[in-house]
Amino acid sequence: MSDTANPGNLASAPIGSAAEFDARLKRTDENRWLATRYAPVAARESLVAIYVLHQELGRALQTKEAMLGKNRTQWWRETLAQIAAAGPLRRHDLSVELARVLANRPDLIAPVTDMIDRFHGVI
């Protein structure tokens, strides 16, 4: 399912709070959003942020130029490394949300990095 409200500019969509990410996921991928309802309440925000990242990475597969897709996935790989290092973060609403939800979950950094690498390898 695609974001019909703003299909061409998801990365710059005005998303900021966990509730806005939740609403975006519900609007753009209701099946994954429903899956988050079965997760423990404490895990929902992390799961929603990771699903939205999955959508962003999926956009990299849709580029007409493979190098552009590779650049996008590399950008997210580097951003996740910044999150893991608790260093300065690139300016993107999703990167800020991921940093927030992953701050107390360093165990999720490796699986999310693996997800990014898998997208990168497909392009």
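Residues numbered from 1 in each chain as written. Predicted model: local features only at pLDDT ≥ 70, side-chain atom pairs only at ≥ 80, totals over all residues. Heavy atoms only, no water.

Chemist: Could you clarify how one ought to interpret the nonpolar core in this entry?
Modeler: Core analysis: the biggest nonpolar cluster contains 23 residues, and Leu 53, Leu 98 and Leu 102 have the highest contact counts within it. Secondary-structure elements contributing two or more residues to this core are α1 (18–28), α3 (41–61), α4 (66–84), α5 (93–102) and α6 (109–122). Beyond its immediate stretch of four places on either side in the chain, Leu 102 contacts Leu 80, Ile 83, Leu 108 and Ile 109. (Core = buried A, V, L, I, M, F, W, Y, C linked by side-chain atoms within 4.5 Å. Buried < 20%, exposed > 50% of the residue type's maximum accessible area, 1.4 Å probe, protein only. Helix = DSSP H or I, 4+ residues; strand = E, 2+ residues; numbered from the N terminus. Contact = heavy atoms within 4.5 Å.)

Chemist: Can you walk me through unusual backbone geometry in this structure?
Modeler: Among all residues save glycine, negative phi is the norm, and among peptide bonds the norm is trans. One non-glycine residue, Ala 86, lies in the positive phi region at around 55°. When you line up the elements, Ala 86 lands in the loop between α4 and α5.

Chemist: Help me understand the packing of α4 against α6 in this model?
Modeler: Packed helices, taken two at a time, are described by the angle their axes make and the gap between the axes. At their nearest, the axes of α4 and α6 sit 9 Å apart, and the two run at 170° to each other. In terms of their interaxial angle, α4 and α6 are classed as roughly antiparallel. Contacts from Lys 70, Thr 73, Gln 74, Trp 76, Arg 77, Leu 80, Ile 83 and Ala 84 of α4 reach α6 at Ile 109, Val 112, Thr 113, Ile 116, Asp 117, Phe 119 and His 120. For the contact of α4 with α6, the class distribution of residues is eight nonpolar, four polar and three charged. (Axes fitted to C-alpha atoms, helices over the stretch in contact; angles between N-to-C directions. Parallel < 35°, antiparallel > 145°, perpendicular 65-115°, else oblique. Nonpolar A, V, L, I, M, F, W, Y, C, P; charged D, E, K, R; others polar.)

Chemist: Explain the environment of Leu 57 here, please?
Modeler: Assignment of secondary structure puts Leu 57 in helix α3. Residue classification places Leu 57 among the buried residues on the basis of a relative accessible area of 0%. When the C-alpha atoms of Leu 57 and His 120 are compared, they prove to be 8.6 Å apart, with 63 residues separating the residues in sequence. Beyond its immediate stretch of four places on either side in the chain, Leu 57 contacts Thr 73, Trp 76, Met 115, Ile 116 and Phe 119.

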